[in-house]
Amino acid sequence: MDRLAIIGGRPLFGEAPISGAKNSALKVMVASLLTDETLTLSNVPRLADVDMLMRLLAQHGVEQSFDNGALTLRARNITSTEAPYDLVRKMRATFNVLGPLLAREGKAKVSLPGGCAIGARPVDLHLKALRAMGAVIELDEGYVLAEAPDGLHGANISFPFVSVGATEHAILTATLAKGETVLSNAAREPEIADLADCLIAMGAKIEGAGHSTIRIEGVERLHGAHHEILPDRIETGAYVMAVGVTGGELFLKNARLELLGAAASVLADAGLEIIEEDNGLRVKRGGERCQAIDIVTQPFPGFPTDLQAQFMAMMATSEGVSGIKELIFENRFMHAPELARMGAKISVDGQTATVRGVSRLKGAPVMATDLRASMSLVIAGLGAEGQTIINRVYHLDRGFERLEEKLSACGALIERIKGEG
Ligand code: UD1
């Protein structure tokens, strides 16, 4: 397994291009299952998660080619309606093939994602939405068996709490269901509007994506289209926070301020200057160190849970005491003990972490535990004194495109060590 070695303490200067959003690309790719015509996507990031979904789609019979960010997908014939455990277990987003396969072929068998037990809570909202549209669903030996003997129909679906994945799954499925579907308490993440834009280009009738009530009028069939994936707001936020730790000045090409939601004002309050320019954002740190700020993670437009780990790394060397409350996921402070190995002063009590800023972290060997947590260790390492070695880099490869290349080009000393780790 590869490792990353970072020698910290150098300010970042230069231009970092922001890639297409992973979390949008993964859902938009699934939309290819809804038509027998060609869907062409541009600005698709080349990431391990995208490759994994391509493997799953190939298994369903989707012809594909990927060239320089342009991904062409054609599901001329669905050759299999089964999504096996091996291809679904590593990534939850793969579960979203269930509804589209059901809508197009009338049946599907999809493994439950991510090693969760049968009937586990994490896909209950997805199944609730599909059942409301007429799917007959059984759980058997870790698989969801779904059928729509009389076809799918529109439904009023009110989500008890906000779920990005369940909202997207319901939209994808409802495009081909007969009649009108109304989603209430839907997620409002920018990736949802991006998915809807792609589906609308394919002939779907969707109103309100990006708001908490979404209406979808089912159509007989969808057709081919071209869609450009929006820029990655999580990658954007991570690079802004890297500047918060190292100082310097970066131009984040393609980044868009409005995609940051509440994170934009939090970062400004912490002392980062984020200036909108043509085709990107310029970022500088106002003072010698950032200021401590309290945050609570919330669905969009609130502060995103996917930036919480990186924010904690930035707070570790900010001035003052920061309270970080994680309200979306129950166990998302795995980076705290790793940051503590580098000298961060963090105490965790249930869903709240308290970070007392120190003037400098010290490089250390650390373990990447999940995708966003890994990026928090990179950020911490960039600001730390001496060398940080990050083990289990494959997590980063799932979600941050050309990370070492982009950071090196801006003056960071970061390199990949191939092999065991
Ligand atoms: C998506 C993002 C992920 C981000 C998350 C929250 C992708 C590929 N992933 O994940 O990066 O961290 O949104 O912004 O886009 N839940 C249930 N039952 C369900 C569905 C979800 O209980 O049926 C719970 C989850 O366990 C979690 C919360 O709802 O506690 C929010 O999850 P959700 O918004 O669905 O996240 P994902 O779509 O999985």
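Not measured: the values here are computed from a predicted model.

**What about the pattern of salt bridges?**
Then comes step 1: Throughout the structure, instances matching the rule amount to 21 salt bridges.
Then comes step 2: A salt bridge links arginine 215 to glutamate 180, with the nearest nitrogen and oxygen atoms 3.7 Å apart. Of this pair, arginine 215 sits in strand S13 (residues 214-217) while glutamate 180 is found in strand S11 (residues 180-184), placing the two residues 35 residues apart along the sequence.
Then comes step 3: Between arginine 402 and glutamate 405 there is a salt bridge whose closest N-O contact spans 3.0 Å.
Then comes step 4: Linked through salt bridges whose partners overlap, the residues forming this network are Asp2, Asp397, Glu404, Arg416 and Lys418.

**Comments concerning the nonpolar core**
Then comes step 1: Ranked by size, the top nonpolar core spans 79 residues in total, and within it Met29, Leu41, Val97, Leu98, Leu183 and Leu199 carry the most contacts.
Then comes step 2: Residues contacting leucine 98, with those up to four places away along its chain left out, are Ala108, Val110, Leu127, Leu130, Val144, Ala146 and His169.

**Let's talk about unusual backbone geometry**
Then comes step 1: In this structure, proline 301 follows phenylalanine 300 across a cis peptide bond, with omega equal to 10°.
Then comes step 2: With respect to the element layout, proline 301 can be found in the loop between strand S18 (295-296) and helix H10 (308-316).

**What to know about the domain arrangement of the protein chain**
Then comes step 1: When the domains of the protein chain are assigned, the result is domain 1 (3-16 + 232-417) and domain 2 (24-228).
Then comes step 2: Relative placement of domain 1 and domain 2: their C-alpha centres are 31 Å apart.
Then comes step 3: The interface of domain 1 with domain 2 comprises eleven residues on the first partner and twelve residues on the second.
Then comes step 4: For the pairing of domain 1 and domain 2, the buried interface totals around 1,000 Å² over both sides, and the portion due to carbon and sulfur atoms is 50%.
Then comes step 5: On inspection of domain 1 and its partner domain 2, the count reaches two salt bridges.
Then comes step 6: A salt bridge links arginine 233 to glutamate 191, with the shortest nitrogen-to-oxygen separation between them at 2.8 Å.
Then comes step 7: Taken together, the connections running from domain 1 to domain 2 amount to five residue pairs in polar contact (both at pLDDT 80 or more).
Then comes step 8: Among the elements that take part in the side of domain 1 that touches domain 2, helix H13 (residues 394-399) stands out by supplying three residues, more than any other.

**Digging into the sheet that holds strand S7 (residues 107-111)**
Then comes step 1: If you trace the four strands from one edge of the open sheet to the other, you get S6-S7-S9-S8, paired in mixed fashion. Every other strand in the sheet has two partners, leaving strand S6 (82-83) and strand S8 (136-140) as the edge strands with one partner each.
Then comes step 2: Pairing of S8 with strand S9 (residues 143-147), which is carried by five bridges, proceeds in the antiparallel orientation. Bridge pairing in S9 places isoleucine 137 opposite alanine 146.

**Examining the environment of glutamate 249**
Then comes step 1: With respect to the helices and strands, glutamate 249 occurs in strand S15 (residues 248-253).
Then comes step 2: For glutamate 249, a relative accessible area of 25% corresponds to the partly exposed category.
Then comes step 3: Contact partners of glutamate 249, with chain neighbours within four places excluded, come to Leu12, Phe13, Gly14, Arg282, Val283 and Lys284.
Then comes step 4: Within polar-contact distance, the side chain of glutamate 249 engages the side chain of arginine 282 at 3.1 Å.

**Details of the side chain of threonine 317**
Then comes step 1: Among the structural elements, threonine 317 can be located in the loop between H10 and strand S19 (321-325).
Then comes step 2: Taking relative accessible area as the criterion, threonine 317 reaches 12% and is therefore assigned buried.
Then comes step 3: Excluding its chain neighbours within four sequence positions, the residues that come into contact with threonine 317 are Val245, Arg289, Val358, Ser359, Arg360 and Leu361.

**Observations concerning the site of the ligand**
Then comes step 1: Taken together, 19 residues form the shell around the ligand, and within it Asp124, Ser163, Gly165, Asp306 and Ile328 come nearest.
Then comes step 2: The separation between an oxygen atom of the ligand and a polar side-chain atom of asparagine 23 is 3.1 Å.
Then comes step 3: One of the side-chain N or O atoms of lysine 27 is found 2.7 Å from an oxygen atom in the ligand.
Then comes step 4: Contact with the protein chains hides 86% of the accessible area of the ligand, taken as 740 Å² for the molecule alone.

**Considerations on the sheet that holds strand S23 (residues 387-391)**
Then comes step 1: Strands sit in the order S22-S23-S1-S24 across an open sheet of four strands; the sheet is mixed. Pairing within the sheet leaves two strands with one partner each, and these edge strands are strand S22 (365-367) and strand S24 (413-417). Each adjacent strand pair in this sheet contributes to an overall mean axis angle of 20°, direction not counted.
Then comes step 2: Sheet topology note: the strand S1 (residues 3-7)/S23 ladder contains four bridges and is antiparallel. Bridge pairing in S23 links leucine 4 to isoleucine 390.
Then comes step 3: Each of S1, S22, S23 and S24 touches helix H12 (residues 371-383); the most contacted strand, S1, lies at about 30° to it.

**Considerations on H12**
Then comes step 1: The element H12 is largely enclosed, with a buried count of 13 among its 13 residues.
Then comes step 2: In this structure aspartate 370 caps H12, since a side-chain oxygen of it lies 3.2 Å from the backbone nitrogen of arginine 372.

**Brief notes about the environment of histidine 60**
Then comes step 1: Along the chain, the position of histidine 60 falls in the loop between helix H2 (48-59) and strand S4 (63-67).
Then comes step 2: With 37 residues separating them along the chain, histidine 60 and valine 97 place their C-alpha atoms 9.5 Å apart.

**As for the confidence of the model for the protein chain**
Then comes step 1: A residue-level look at the protein chain finds 98% of positions with pLDDT of 70 or above and a mean pLDDT of 95.
Then comes step 2: Predicted confidence is poor over residues 115-120, with pLDDT under 50, and the contacts of this stretch with residues over four places away or in other chains come to eight contacts.

How each quantity is defined
- Residues numbered from 1 in each chain as written.
- Predicted model: local features only at pLDDT ≥ 70, side-chain atom pairs only at ≥ 80, totals over all residues.
- Heavy atoms only, no water.
- Salt bridge = Lys/Arg side-chain N within 4 Å of Asp/Glu carboxyl O.
- Helix = DSSP H or I, 4+ residues; strand = E, 2+ residues; numbered from the N terminus.
- Core = buried A, V, L, I, M, F, W, Y, C linked by side-chain atoms within 4.5 Å.
- Buried < 20%, exposed > 50% of the residue type's maximum accessible area, 1.4 Å probe, protein only.
- Contact = heavy atoms within 4.5 Å.
- Domains from an automatic or database assignment.
- Buried area = accessible area lost by both parts, 1.4 Å probe.
- Polar contact = N/O pair within 3.5 Å; in protein donor to acceptor, adjacent residues only side chain to side chain.
- Pairing = 2+ DSSP bridges.
- Near = heavy atom within 4 Å.
- Areas by Shrake-Rupley, 256 points an atom, 1.4 Å probe, with all protein chains shown as cover.
- Axes fitted to C-alpha atoms, helices over the stretch in contact; angles between N-to-C directions.
- pLDDT = per-residue confidence, 0-100.

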